[in-house]
Amino acid sequence: MLNRVQASIDLKALQHNFSIARRYSSLKKAARVAAVIKANAYGHGLEQAANALDEAELFGVTDVREALTLKKSGTDKPILVLQGLIHEDDLKLVVEHNFQLVVHSTSQLATIDDTLSKLTLKAPLTLWLKMDSGMGRLGLSPQDYAATYQALQNKTYVDSVVMMTHLANSSMPESMLNTQQLQEFRQQEGQLQGKCITSIPSSSGILSELPVDCDWARPGIMLYGSSPFNFNEAHLRREQFGLQAVMTLQARIIAIKALKKGDNVGYCSQFICPQDMTVGIVSIGYADGYPSNAPNGTPLMVGGKKTGTVGRVSMDMIGVDLSDIPDAKVGDLATLWGADLSVDEVAAKTGILSYNLTCSVARRVAFEYI
Ligand SMILES: Cc1ncc(COP(=O)(O)O)c(C=O)c1O
């Protein structure tokens, strides 16, 4: 049976992008690379991504539930739970499976200490103690950091503590906040006795010139073939880093119409034909994860040619201008993004981040792994 909508996931491209992440990370002295595959590998498939990313030293997921799904899929790699404990019951599973855990608040520390001080663990835990160096989201304040880190290191239930932070603006490398965050981090690092294991950059930090030298890099979006930087900065697009598209999203043309100047296309007259036009109807909509706010002219490819959407996105249909693609026929596939059309370009046009676009591809879409 032919697919109405399909997402083809190129696992070789994923592996290729990981090798790029490895190369750039090594420029930051980061010998270890944690592949961030949370949120179902940014919508690409958790298990398939994990199997393909054999070279990664560790996998980063959001919560214990995702960690468990990944563990059950058979991976033997360490798994890091990036949001740490959501509920104290999570700790049982963390201990049982020896998950690594981000600890980002004193209340999480108290829960961990209350429970684990009374137990003798088969294997002590690796904790990633997060500092809020300026993101204003998760993490201990710099003032509390060094003392908490030292205390944690001496606990019997702890194997090692990774010193981590997350940069808010590394996709805007010129932002002063990067300098401030790195200063905070280095200051606390300097207060710790002995060499500690550190982790700073996500994709944008890895690919930028920021001084983020550390032991562990944590790439996410770049693994999926997206540039984390502003699409308008042509020198920072995915191809400049050698990144390859992992997801190609395609859908079928199900109708082609000859419309006259002044004719309406779709709901709420978002598009009125400015001249006589050929318009195709492609069977994909917001129920498939295509962004409902896509404006007229959002790029897509038909028959190897770039064209644009016309009219408002429906639940499972969009209109597309086929006036300059006379060979297009019902049954052909249109490409919404992929190897020939960067998801980053669609993101720039719609104002929906590439992260959001791939994460949103719906379950009813047929996924194929190539
Ligand atoms: C703590 C942490 N590290 C790394 C990443 C990966 O970021 P990116 O996908 O921008 O590479 C994320 C993603 O949100 C994160 O929260």
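In case you missed it, the structure is sitting above this.
Below is a short write-up of the structure. (Residues numbered from 1 in each chain as written. Predicted model: local features only at pLDDT ≥ 70, side-chain atom pairs only at ≥ 80, totals over all residues. Heavy atoms only, no water.)

Re the pattern of salt bridges
- In the structure shown here, the tally under the stated rule is 10 salt bridges.
- For arginine 4, the salt bridge identified is with aspartate 288, shortest N-O distance 2.7 Å. One end of the pair, arginine 4, is in the segment before β1 (5-9); the other, aspartate 288, is in the loop between β13 (277-282) and β14 (299-302), with 284 residues separating them in the sequence.
- Judged by relative accessible area, which is 30%, arginine 4 ranks as partly exposed.
- Several salt bridges converge on common partners, so that one network encompasses Arg4, Asp288, Asp316 and Arg364. (Salt bridge = Lys/Arg side-chain N within 4 Å of Asp/Glu carboxyl O. Helix = DSSP H or I, 4+ residues; strand = E, 2+ residues; numbered from the N terminus. Buried < 20%, exposed > 50% of the residue type's maximum accessible area, 1.4 Å probe, protein only.)

Looking at the nonpolar core
- Counting 111 residues, the largest nonpolar core has Leu14, Ile37, Leu249, Ile284, Leu336 and Trp337 as the members making the most contacts within it.
- Considering each element in turn, this core owes the most residues, 6 residues, to helix α1 (residues 11-27).
- Residue assignment places this core across two domains, with domain 1 (11-233) and domain 2 (247-341) each supplying three or more.
- Among all residues touching isoleucine 37, those that are not within four sequence positions of it are Leu46, Ala49, Ala50, Leu53, Phe59, Gly60, Val61, Leu70 and Tyr224. (Core = buried A, V, L, I, M, F, W, Y, C linked by side-chain atoms within 4.5 Å. Domains from an automatic or database assignment. Contact = heavy atoms within 4.5 Å.)

A short note on the environment of aspartate 327
- Within the element layout of this structure, aspartate 327 appears in the loop between β16 (318-321) and β17 (333-337).
- Separated by 237 residues in sequence, aspartate 327 and aspartate 90 place their C-alpha atoms 56 Å apart.

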